[in-house]
Amino acid sequence: MMAPSAVYGGPIHHDGAALEATSDAIDDVNVLKARAAEKKRRLELRQGSSADFDADSQFDATKDKSAFRQYEAACDRVKNFYIEQHAKQTVAYNLTARQRFHAASRVRPELSVWDAIEKLNTLVDESDPDTELSQIQHLLQSAEAIRRDGKPRWMQLVGLVHDLGKLMLFFDGAQGQWDVVGDSFPVGCRFDGRCIFPDTFAANPDSVHPVFGTELGIYAPGCGIRNLIMSWGHDEYLYLVLRDQSTIPPEGLAMIRYHSFYPWHHDGAYREFMADGDEKLLNAVRAFNPYDLYSKSNEVLIVEELKPYYLELIDEFFPQRKIKW
Ligand SMILES: O[C@H]1[C@H](O)[C@@H](O)[C@H](O)[C@@H](O)[C@H]1O
Ligand SMILES: [Fe+2]
Ligand SMILES: [Fe+2]
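Residues numbered from 1 in each chain as written. Chains lettered and ligands numbered in written order. Predicted model: local features only at pLDDT ≥ 70, side-chain atom pairs only at ≥ 80, totals over all residues. Heavy atoms only, no water.

- For the protein, the name recorded in an unreviewed UniProt entry is Inositol oxygenase, with Lasiosphaeris hirsuta as its organism.
- A UniProt comment under Pathway (unreviewed entry) is attached to the protein, and it reads "Polyol metabolism; myo-inositol degradation into D-glucuronate; D-glucuronate from myo-inositol: step 1/1."
- Checking UniProt for the protein, the heading Catalytic activity (unreviewed entry) contains the comment "myo-inositol + O2 = D-glucuronate + H2O + H(+)". (UniProt positions renumbered as here; feature names shortened; annotations may be inferred.)

A look at the confidence of the model for the protein
For step 1, the next point in the chain: Mean pLDDT for the protein: 90, with 90% of residues reaching 70 or above.
For step 2, the next point in the chain: Note on residues 1-13: pLDDT is under 50 here. Beyond four places in sequence and across chains, it has six contacts.
For step 3, the next point in the chain: Across the interfaces of the predicted complex, the ipTM metric reaches 0.98, alongside a pTM of 0.86. (pLDDT = per-residue confidence, 0-100. Contact = heavy atoms within 4.5 Å.)

Let's talk about the UniProt feature "binding site: substrate" (unreviewed entry) in the protein
For step 1, the next point in the chain: Look at the UniProt record and you will see "binding site: substrate" (unreviewed entry) annotated at Arg69, Asp125, Glu126, Ser127, Lys166, Gly182, Asp183, His259 and Ser260.
For step 2, the next point in the chain: Of the residues examined, Asp183 reaches a relative accessible area of 8% and is grouped as buried.
For step 3, the next point in the chain: Discounting residues that sit within four places of it in the chain, Asp183 has contacts with Arg69, Tyr71, Tyr82, Gln85, Ile196, Ser231, Ser260 and Tyr262.
For step 4, the next point in the chain: Only 2.6 Å separates the side chain of Asp183 from the side chain of Arg69, close enough to count as a polar contact.
For step 5, the next point in the chain: Among the structural elements, Ser260 can be located in the loop between helix H10 (250-258) and helix H11 (262-265).
For step 6, the next point in the chain: Setting aside residues up to four positions removed in sequence, Ser260 forms contacts with Gly182, Asp183, Ser184, His234, Asp235 and His265. (Buried < 20%, exposed > 50% of the residue type's maximum accessible area, 1.4 Å probe, protein only. Polar contact = N/O pair within 3.5 Å; in protein donor to acceptor, adjacent residues only side chain to side chain. Helix = DSSP H or I, 4+ residues; strand = E, 2+ residues; numbered from the N terminus.)

As for the packing of aromatic side chains
For step 1, the next point in the chain: According to the stated counting rule, one finds 20 aromatic pairs in the structure shown.
For step 2, the next point in the chain: Between Phe81 and Tyr82 the ring centres are 4.8 Å apart and the planes differ by 90°, which places this aromatic pair in the edge-to-face class.
For step 3, the next point in the chain: Exposure remark for Tyr82: the relative accessible area of 1% places this residue in the buried category.
For step 4, the next point in the chain: Aromatic pair Tyr82 and Phe197: ring centres 6.0 Å apart, planes at 55°, arrangement tilted. One end of the pair, Tyr82, is in helix H3 (residues 76-88); the other, Phe197, is in the loop between strand S2 (186-187) and strand S3 (229-230), with 115 residues separating them in the sequence. Summarising the burial analysis for this pair, Tyr82 and Phe197 share the class buried.
For step 5, the next point in the chain: Among the aromatic residues, ring-to-ring pairing joins Tyr219, Tyr258, Phe261, Trp264, Tyr270 and Phe273 into one connected group.
For step 6, the next point in the chain: In this arrangement the basic side chain of Arg69 is found over the ring face of Tyr262, its NZ or CZ atom lying 3.4 Å from the centre. (Phe/Tyr/Trp six-rings, centres within 6.5 Å; stacked < 30°, edge-to-face > 60°. Lys NZ or Arg CZ within 6 Å of the ring centre and 35° of its normal.)

Overview of the side chain of Gln135
For step 1, the next point in the chain: Checked against the element boundaries, Gln135 lands in helix H6 (residues 135-148).
For step 2, the next point in the chain: A residue is classified by how much of its surface remains accessible, and Gln135, at 1% relative accessible area, is buried.
For step 3, the next point in the chain: In this view, Gln135 contacts Leu120, Leu123, Asp125, Asp163 and Lys166; residues no more than four positions away in its chain are not counted.

Quick look at the coordination of the iron ion (ligand 2)
For step 1, the next point in the chain: Looking at the metal site, the iron ion (ligand 2) is ligated by Asp163 (OD), His234 (NE2) and His259 (NE2), spaced 2.1 to 2.2 Å from it.
For step 2, the next point in the chain: A separation of 3.6 Å is found between the iron ion (ligand 2) and the iron ion (ligand 3), which share Asp163 as a coordinating residue. Here His234, found in helix H9 (residues 234-243), pairs with His259, found in the loop between H10 and H11; they are 25 residues apart in sequence, far enough to count as distant. (Donors = N, O, S within 2.8 Å, 3.2 Å for Na, K, Ca; no water.)

The structure is reproduced here in structure tokens:
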């Protein structure tokens, strides 16, 4: 009979040191195996995301797009919202809001992204003619549409978080919904006729201001979209919050910052301020828009079912877990 040492190719030791060495080696192998399994799982997850971020959307092929953003036919809730917002979004208010945001004394609540999403459960957006569901549903509907179209994981994440700036209603000393939600536009120059309900800007003192009321106002042509002072609201707030606290790529940050800037990304206004590189950002914002707008539906998603997938996605882009809001 063959000696056991011949089968294993070496002598069998029974001393403690050798046993310890063997069990360390087994631990090492297990770590490697766990790492390989994790890598494979992440790869598999990614395989579901193969489309370019800016490839045309597919999920909305059968949607009647003319049914969305019908402001003339909208209810009084929406019209009254814009009457108030357009009267009050002045340069002076904007500077006050930004100072408030940047103040060293500002207490910044810390909350994970998922907890922030759940907090939005109670918020129904007064400016929105297309959904009366809570914002958590809107975020999940956007993210799910992006996921269904096989878009990159960072873009799915942008869908999931893009309206979290609406949390400023609870956190940032907002005055009401008028300085949180709704379409956005620059202040400091003439309000463009392509904004919705443009006549309501007549009640805004800046519209007759000797500088702010002129076509270019405080800006130079070609100054760059990033240099426009955007009306204060959830886009700008979330952009400022996430710019330094996530690994979202620049295109994703542009989607967040300008997703409500319909007069620019949808109606071609304010192009005179664009600089080199802005066309690329515009392209990104446009690629995101269908997932924000046409994903709105009355179909209620089951939050608990989707939660594990999105918790993992959040982990990938927010390694520090909690966000300073
Ligand atoms: O009513 C909506 C809503 O507030 C959205 O979150 C915003 O991004 C849109 O631009 C706006 O018109
Ligand atoms: Fe939004
Ligand atoms: Fe949205």
